[in-house]
Every structure is written in C-alpha cells, then in structure tokens.
Amino acid sequence: MDERHKKLLQRNRTRLVKELEPSCLYDLLLEKGVFTQDMIDEIKSAGTRRDQARQLSRDIETRGSRAFLLFVESLDQTGQTQLAQALREGSALGTLEPIAPPVVRAALQPLPIVSPMDVDKKILIPPITPITPITPITPTHRPSPTPGPSPEGEALRPKPQRIRRDSIQSYKMDASPCGHCLIINNVEFEAKSELSNRAGSNTDCEKLQRRFSNMNFIVKVTTNLRQKQIRKELLALSKIDHSSFDCCVVIILSHGTEVSHSRFPGAVYGVDGLFVPVQHVTNFLNGQNCPSLQGKPKLFFIQACGGGEKDTGFEVSPEDSPPSAGEGEDDQTDAIPSSSSSDSLSLYDEPDARASLPTPSDILVSYSTFPGYVSWRDTQAGSWYVETLERVFAQTASEDDLVTMLMMVNHEVSQNSAKGLYKQMPGSFNFLRKLLYFQTPMNCS
C-alpha cells in the first residue's frame, strides 16, 4: 500500500474504530480479494465491533497497492459513505505527497553522480564508467571454458555432496548398519491403569519397523512395557557402544499426558498406568549418559496425546482445503481419562499425548501433535501421524533431509479431520546442527 494511504488510515483510525461496521464489509473484501477467509476469521475473532474495526483498519495496510481504493469502494457499497468520503478527500489532499516521495528521491538523487561537474570529480568519473562493464565480462567469460570451479559447478555440488560425509552441511550417515532403532509399542493396558487399549497401534509399529529396517537400522520392537521396563530398555540402549554407528532412534507409541516439568513438557505411559517424562527418555541418550553418541544425531518420534484439547481448526478457502483423508468412523485418540473430554464424540474417538525434549545438541524430537492437543489414531489404519510419516519417508528419503520431510508430514496431517470437525498439527523440536539424510535401499551397499 502507498505510504500516504497508510498514513491516512492511521490518522483516521479513531474515527474508523468508532464508526466502521466491519461485518458489512467482510463479504465484499473477500470477493475483491483484499482478504482471505482465514484473515477475515482472524479479524472476527478480535472480539467486539470496535476491536474488529481496529483490527481491520490495521490489516488493510498490509494488503497491497489496490487495497485502499477497494476498501473505500466497499465503504460506499455498504452505505458507509461518510467514512468513504473522509478517506477519499484525505487522499486527494496534497499534504501527504511531499512527505514520502521527497524522502525517496533524496535518497536516490545522489546515487547517479553524473551531473556534478566539479573539476576534482571529473577525473574520477571516467575510471568508474569503463570499470563496471569490464568486471562482469571477466567472471561471466571464465566459467564457460570450465577449467576450474565455476559458479554453476558450485551450485550443483550439494547434489554430489549427498555422499555420506560428515561436514558442516550434513551428518555422516554411511555406517552399516546405520544405528539402533528402539520401538516401544504399548497396546494393551492393565485394568488398574484405567487406560483403554490402543487399537491400530500394531499397524503403526509394523510400518515403522519395516521402514527403519529399510533405512539400514537395527530395529528392536518391545511391546506392552510397564514404566520400569521402559526405563530398563532405554538404559540398556544407552549402555551399547555406538562408536561404530552414526545415529540412534527411539520411537514410542503409547498413551501420554501433560506433567509438571522444569524444562520439557509431556510424558508417556507404561501399560501399568505409570508414566515416564519424555525429558527423562531423551536424557538417557544425551552426551553425559551415552558418550558414544556425542556429536551424533539422536531422534525421538512420539505418537501420543499432547493433552485434552481438541482442535476444531479454522476455515480456509476452497482451493487451500483439499478433501480430508481422516473422516472415518474409526478415528481414535490416546489420552488419559483425566485429560480426555470425548463425551461428544463417538465410541471410536480417543486422544494421544505429547512429549518433551532435552537441550543438548544433536537431538530432534518429533511430536504427533501440538503440545496440549489430542492426536488421532484410526483403529484399523493406524495413526494419522505414523501413516503419513512412513509414507513420506518411503517416497522422499532418497532425496530430502529429515527436517524437510517432517515439514511435509506436518502439512499433510494438518489437512485431515476427525468426524469432519477435529484437526491435528504435528511438530518437532529440532536441536540438530546439520542436515540429516537417511540411508535408503538405493544408497545402502
């Protein structure tokens, strides 16, 4: 938007907040392309009419060069002619024009110093003019013979650098096997835990076991572990000598909950109803407790609930909203009774809980859901998160790094909806220092 129009809106903000009827404008501004539906929903959520008017008058300043004129036009069309006239008259005044353009011209005018005809500067101008054409000619001419490294050649080097060498850009990931992968799959919970069984989790486990085996990991699957058994397995993993390996992976499929914490939120349940804070889970493999993994990537994937809240999402425009894939009757979540508020859902809907993460470097924790919210699982096809994670890894691990793939997972899962109403947003806490490329059948020897 033109600077003078912004200043005009700012000068009239008090009047706009007092008199503007934003609800009359929403459909027109959407139709004219000034705002998207998401933006209008955000303005509506601001609160009272005055709050919405204030938010709208601020947001309009960010909406491009034609937004001001379309806004004034919409005011006329909705009968708010006095406001439209005030803005139109203000924009017709020349008082604002000397403010912005002169500042720009004052900055630009000195740059082309061709007109000053000082005797001293006359000598400096000739060298500047011929040197500028000569400089580009030399660099553009040299790459073509390609005797040495050219700009084009260097741009293509990241592709060959896909070779598993430890460098500033990427972790060394060429050991064979690449490392250990521990999967803890809690499906059947003891009656005293008051936690439901997790139908569909075995499907998740099988997919992940197959995928990480294909990526050259030594995969160990443990099922239905109590709290102490979870700790015992993690301790055993930390005692292994990882010197000849490049990476270590821990995957936990269970119920989860929120817990009080000093640094990192979340916990996962054993089948006995006792939980292990994920902060403790990650600490088993940190540099102090597992020295042979120092400087090597340690990855944690948590399929569990992040709390009791259910995300209903917000409306998006049709072109941004592909058909949801997760609207079946079998969508469940993995939450504890105290945080589950699924009375309004069918018997097949439950929540999964969130995890936590330590501060040491070379650690990434990927969550199936945003902290505080439930995570959905289909009783037959498995969880949205694991199903998408496994498919993305299978399709793109030979080309893309881990963080890029997790971004793809976030996007795809966010398009799903349970019962056509509830949404899910995965996320990760990334303390990796380099790109991480998994081994795949194509590049595993």
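Residues numbered from 1 in each chain as written. Predicted model: local features only at pLDDT ≥ 70, side-chain atom pairs only at ≥ 80, totals over all residues. Heavy atoms only, no water.

**Let's talk about the packing of aromatic side chains**
Here is the rule: Only the six-membered ring of Trp is used, alongside the rings of Phe and Tyr, when aromatic pairs are assigned; centres must lie within 6.5 Å, and planes under 30 degrees apart are stacked while those over 60 apart are edge-to-face, with the rest tilted. The buried label goes to any residue with under 20% of its type's maximum accessible area, the exposed label to any with over 50%, and the partly exposed label to all in between, with areas taken from a 1.4 Å probe on protein chains only.
Evaluation of the coordinates by the stated rule reveals 9 aromatic pairs. Pairing Phe 212 with Phe 217 gives two aromatic rings, centres 5.6 Å apart and planes at 70°, and the pair type is edge-to-face. The same class applies to Phe 212 and to Phe 217, which are both buried. An aromatic cluster is defined as three or more aromatic residues linked by ring pairs; in this entry it consists of Phe 212, Phe 217, Phe 301, Phe 393 and Phe 438.

**Structural notes on the side chain of Arg 211**
Threshold: A run of DSSP states H or I qualifies as a helix once it reaches four residues; a run of E qualifies as a strand once it reaches two. Both are numbered from the N-terminal end. Whether two residues are in contact is decided by their heavy atoms, any of which lying within 4.5 Å being enough.
Here Arg 211 is to be found in helix α11 (residues 201-214). Those residues in contact with Arg 211 that lie beyond four places of it in its chain are Glu 390, Phe 393 and Ala 394.

**So, helix α4 (residues 37-44)**
Going by this rule: Here the arc refers to the directions that run from the helix axis out to each C-beta atom.
Turning to α4, its buried residues number three or more, namely Gln 37, Ile 40 and Ile 43. Down the axis of α4, the buried set is contained in an arc of 120°. They therefore lie on one face. In the core, the buried residues of α4 are packed alongside α3 (26-31) and α5 (49-59).

**A word on the pairing of strand β2 (residues 217-223)**
Worth spelling out the cut-off: For two strands to be treated as a pair, DSSP must find no fewer than two bridges joining them. Orient the strands so they point away from the viewer, and a crossover whose first-strand-to-second-strand path over the helix runs clockwise is right-handed.
One ladder, built from 7 bridges, connects strand β1 (residues 179-185) with β2; its direction is parallel. Following the sheet pairing, Gly 179 is matched in β2 by Phe 217. Since β1 and β2 lie parallel, the crossover through α11 that links them has a hand, and here it is right-handed.

**Some details on the pairing of strand β3 (residues 247-253)**
Counting buried positions along β3 gives 7 out of 7 residues, so the element sits mostly inside the fold. On β3, burial covers both faces: Cys 247, Val 249, Ile 251 and Leu 253 on one face and Cys 248, Val 250 and Ile 252 on the other are all buried. Sheet topology note: the β3/strand β7 (residues 298-303) ladder contains 6 bridges and is parallel. Of the residues in β7, the one forming a bridge with Val 250 is Phe 300.

**Notes on the environment of Met 407**
Residue placement: Met 407 occurs in helix α15 (residues 402-414). Taking relative accessible area as the criterion, Met 407 reaches 56% and is therefore assigned exposed. Separated by 20 residues in sequence, Met 407 and Gly 427 place their C-alpha atoms 8.2 Å apart.

**Brief notes about the sheet that holds strand β5 (residues 267-269)**
The criterion, for reference: Between N-to-C directions, angles span 0 to 180 degrees; the directions come from axes that are lines fitted to C-alpha atoms, helices contributing only their stretch in contact.
Sheet architecture is open: 3 strands sit in the order β4-β5-β6, paired in antiparallel fashion. Either end of the sheet is taken by a strand with one partner, and the two such strands are β4 (256-257) and β6 (275-277). Sheet topology note: the β4/β5 ladder contains 2 bridges and is antiparallel. For Thr 257, the partnering residue across the bridge sits in β5 and is Ala 267. In the packing of helix α12 (residues 227-239) onto the sheet, the strands contacted are β5 and β6, and the crossing angle to β6 comes to about 40°.

**A few points about the packing of α11 against helix α14 (residues 384-396)**
Heads up, the rule is: Small angles under 35 degrees read as roughly parallel and large ones over 145 as roughly antiparallel, with 65 to 115 read as roughly perpendicular and the rest as oblique. Helix crossings fall into two classes, left-handed where the near helix is turned counterclockwise from the far one by less than a right angle and right-handed where it is turned clockwise.
It is at 10 Å that the axes of α11 and α14 come closest, and there the two elements cross at 20°. Taken together, the axes of α11 and α14 are roughly parallel relative to one another. Considering how the two elements wind past one another, α11 and α14 form a crossing that is left-handed. Judged by residue contacts, Asp 204, Lys 207, Leu 208, Arg 210, Arg 211 and Phe 212 of α11 engage Val 386, Glu 387, Leu 389, Glu 390, Phe 393 and Ala 394 from α14.

**Let's talk about the side chain of Ser 193**
We apply this condition: In protein, a polar contact requires one atom able to donate a hydrogen and another able to accept it; more generally it is a pair of N or O atoms within 3.5 Å, and residues adjacent in sequence count only if both atoms are side-chain atoms.
Among the structural elements, Ser 193 can be located in the loop between β1 and α11. A distance of 2.6 Å separates the side chain of Ser 193 from the backbone oxygen of Glu 190, its partner in a polar contact. Non-local contacts of Ser 193, meaning those with residues more than four positions away in its chain, are made with Val 271, Asp 272 and Gly 273.

**Regarding the pattern of salt bridges**
How we decide: Between Lys or Arg on one side and Asp or Glu on the other, a salt bridge is scored when a side-chain nitrogen of the former is within 4 Å of a carboxyl oxygen of the latter.
This model, assessed by the stated rule, comprises 15 salt bridges. With its nearest N and O atoms 3.2 Å apart, the salt bridge here joins Arg 54 to Asp 51. With a gap of 3 residues between them, Arg 54 and Asp 51 both fall in helix α5, about one helical turn apart. Assessed through its relative accessible area of 27%, Arg 54 is described here as partly exposed. Across the pair Asp 362 and Arg 433 runs a salt bridge whose closest N-O atoms are separated by 2.8 Å. You can see Asp 362 sitting in the loop between β8 (331-333) and β9 (363-367) and its partner Arg 433 sitting in the segment after β12 (427-430), a full 71 residues away along the chain.

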